[in-house]
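Commentary on secondary and tertiary structure
So the chains spell out like this:
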Amino acid sequence: MGCFEFCFSFTSPKPKARSVRRPVLDAPDGKQLPCLAEAEEEVRRSRGALARRRAQVASQLLPAALPIAWDLLKSTGPTKAVENTSRLRKALEALGPAFVKLGQAASCREDILSDAVAAELRKLCDQVAPFPQEDAQWLVTQQLQGRAPALGSCVAAASLGQVYRIELNGRQYAMKVQRPNLHRALAMDVVILKGIAGFIGSVMRRVMVASVDPVQIVEDWAKTLWNELDYQLEARSMETMRSALIVEGLSIPKVNWELTSLRVLATEWVDGLKLTEQPRAVSRAHVGIGVEAFATMILQVGVVHADPHPGNFIITGPGALCLLDFGMVCYVPEGHRKAWAQCVVHLVQKDHEAVLDDLIEIGFFPPDCPRNEILPVMSKIWAKLVECGSDIHKRKSAVQLLYAEILTLVRRFKFSLPDYYVALVRALLTLEGIALTADCDFDIFEAAFPVALRFLSEQRVSGNLWTSAAAKVLQNRTLAKIFLRSGSQLNRNAVFAGLLMWTAMLSFYSASLLAE
């Protein structure tokens, strides 16, 4: 029936209208999240409020965007990038949660943005003004009724909610409380952003043959963001991950269901250091745990934490890490996971015909795509980008050198992205950025090595089946490293297949966006 119940017509001469009980936007005692499409329709009917918000967005964004555009168009190149980005960041903060989320997503694009610009945008992750505690307490009372506890001190404020430390029955919990009036505000901003994306798309169609649809990108992003408003859905994702994601050194807080509702979420309290507080406290061991966790999510679990910014990691010990906030997750279909593994095996073996077959299976290219035209262009791009490994600086240079080929690929050939792809790549870029901040010499391949072996040991890839006993031995990082250095070229190719997946995904998506 969709998101709402609808009334039915009766055949009696004078049908009596029945009351319709629908999820109400921002209802303080609401138990069900209205669907995004209905929320958008509701805010569109508020024409006056929508017009005022459009004017507010324009008044904030235009003064920030125009200096950036002028700086980029100068023949000498941008000279005030950080200053202009700071102005943009403040405008995004002033416009509220939806625009803050956009800025946070942009801050992860270190493969395109300069380090200084990305660092300026990353301030959006941990510098959000809190809302009054009395508003939070009132919402908790409305949501939990007689079970509502007294809120303690606010320990963190984010774009969609803020976290309090509470004590109940001698135990401590972290209680996340959603910001007031968030449903209507986000729905209105999504409508406005779709309008902006539509304008950008129309301009792109006039100046180039573009296969990337800005409206669809905003649509996919908005759906993921909207799901974050359902704290019960987040709690279920967290519990699912607790049982499915088994990584040594990684912990995920347990949910207290008695204190959880649509707009309130309580989990066990975890002591430790947040990466936003002590970024240099991250060790290679912590990075290895994080990469192994995300590799396991992608290859084995199929459910991936899609918002791994530094505020969502807590260092709980020298070799221990806690992962928070499962409001944004994306799902990788099982068939796609196998196709990705096959794709990167073929990449390492330089079998680009097979690579294209794998990409067609995933959905990047249609089955009737012009193979003879795509293969020469794609082969050069993939070969060069894969050589860059996990080195962001080399990848930036490669993208610049391959700009003509990338432009040809994007302009001439029709391709599409799986619905999970944008969220997944954003998560991987964020994770890579955290790792490189902690250790410039970090090698994502080496850290992900045991997970790739575990996955490849369970799959028939290129006709070879690894025995489980051998795989268990090689899951030891030290032994795996020795094997990697001394093993045959064929075995090294099979091993590197799993490890190259991240670079391949990041590079292709980053390159296509840069070409647009």
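Residues numbered from 1 in each chain as written. Predicted model: local features only at pLDDT ≥ 70, side-chain atom pairs only at ≥ 80, totals over all residues. Heavy atoms only, no water.

1. Section: helix α4 (residues 97-107)
For α4, the tally of buried residues reaches 9 of 11 residues, placing the bulk of the element in the interior. What α4 keeps buried is the set P97, A98, F99, V100, K101, G103, Q104, A105 and S107. (Buried < 20%, exposed > 50% of the residue type's maximum accessible area, 1.4 Å probe, protein only. Helix = DSSP H or I, 4+ residues; strand = E, 2+ residues; numbered from the N terminus.)

2. Quick word on the nonpolar core
Counting residues in hydrophobic clusters, the biggest one holds 50 residues, and the most contacted among them are M241, L245, M297, L359, F365 and M378. With 8 residues, the top contributor of residues to this core is helix α10 (residues 284-301). For M378, the contacting residues outside a window of four places in its chain are H352, V355, L356, L359 and F365. By size, the runner-up hydrophobic cluster in this structure holds 32 residues, among which are L61, A187, I192 and A222. (Core = buried A, V, L, I, M, F, W, Y, C linked by side-chain atoms within 4.5 Å. Contact = heavy atoms within 4.5 Å.)

3. Here we look at the side chain of H183
Checked against the element boundaries, H183 lands in helix α7 (residues 182-207). A relative accessible area of 1% places H183 in the buried class. Engagement of the side chain of H183 in a polar contact is seen with the side chain of Q178, the distance being 3.3 Å. (Polar contact = N/O pair within 3.5 Å; in protein donor to acceptor, adjacent residues only side chain to side chain.)

4. A closer look at the sheet that holds strand β2 (residues 161-168)
Pairing within the open sheet is antiparallel, and its 4 strands lie in the order β1-β2-β3-β5. Each end of this open sheet is capped by a strand with a single partner; those strands are β1 (154-157) and β5 (264-268). On average, each strand axis in the sheet is inclined to that of its neighbour by 25°, with strand direction left out of account. As judged from the 5 bridges shared by strand β3 (residues 171-178) and β5, these two strands associate in the antiparallel manner. Considered in β5, the bridge of Y173 is made with E268. Strands in contact with helix α9 (residues 231-244) are β2, β3 and β5; relative to β5, the strand with the most contacts, it is inclined by about 25°. (Pairing = 2+ DSSP bridges. Axes fitted to C-alpha atoms, helices over the stretch in contact; angles between N-to-C directions.)

5. Some words on the pairing of β2
Taken together, the 3 bridges between β1 and β2 define a ladder with antiparallel strand orientation. Paired with A156 across the strands is V163, a residue of β2. Following β1, the chain reverses through 3 residues before pairing antiparallel with β2. As defined by bridge partners, β2 adjoins β3 across 8 bridges and the pair is classed as antiparallel. Opposite V163, over in β3, you have K176 as the bridge partner. Linking β2 to β3, which pair antiparallel, is a turn of 2 residues; within it N169 sits at a positive phi near 55°.

6. Describing the pattern of salt bridges
Considering all chains together, one arrives at 16 salt bridges under this definition. Among the ionic pairs, R89 bridges to E93, the shortest N-O distance being 3.1 Å. Linking R89 with E93, this pair stays in helix α3 (residues 81-95), spanning 4 residues, or about one helical turn. On the accessibility criterion, R89 (7% relative accessible area) is buried. Looking at E93, the relative accessible area reads 29%, which means it is partly exposed. It is possible to trace a salt-bridge network through shared partners that takes in E40, E41, R44, K194 and E219. (Salt bridge = Lys/Arg side-chain N within 4 Å of Asp/Glu carboxyl O.)

7. Here's the deal with α3
Three or four residues apart is the spacing at which side chains of an α-helix point the same way, because the helix has 3.6 residues per turn. In this model, α3 (15 residues) spans 21 Å end to end at C-alpha, consistent with the 21 Å of a helix rising 1.5 Å per residue. If you check which residues of α3 are buried, you get N84, T85, S86, R89, A91, L92 and L95. G96, located one to two residues past α3, shows a positive phi value of around 105°. (Expected span 1.5 Å × (residues − 1).)

8. A few points about a nonpolar patch on the surface
Together, I196, F199 and I200 line one region of the surface with nonpolar side chains, adding up to about 280 Å² of accessible area. Here F199 lies in helix α7. (Patch = residues over 30% accessible without salt bridge, like charges linked within 9 Å, V, L, I, M, F, W, Y side chains within 5 Å. Areas by Shrake-Rupley, 256 points an atom, 1.4 Å probe, with all protein chains shown as cover.)

9. Observations concerning the confidence of the model for the protein
Across the protein, the average pLDDT comes to 74, with 64% of residues at or above 70. For the protein, the element scoring lowest by mean pLDDT is helix α20 (residues 489-499), at 38; β5 scores highest, at 96. Confidence drops under a pLDDT of 50 for residues 1-20, and excluding neighbours within four residues, the segment shows 20 contacts in the predicted structure. (pLDDT = per-residue confidence, 0-100.)

10. Some words on the packing of α3 against α4
Look at α3 against α4: their axes get within 6 Å of each other, and the N-to-C directions meet at 145°. Here α3 runs over α4; the crossing is left-handed. In contact with L92, E93 and L95 of α3, α4 contributes P97, F99, V100 and G103. Residue composition of the contact of α3 with α4, grouped by class: 5 nonpolar, 1 polar and 1 charged. (Left-handed = near helix turned anticlockwise from the far one by under 90°. Nonpolar A, V, L, I, M, F, W, Y, C, P; charged D, E, K, R; others polar.)

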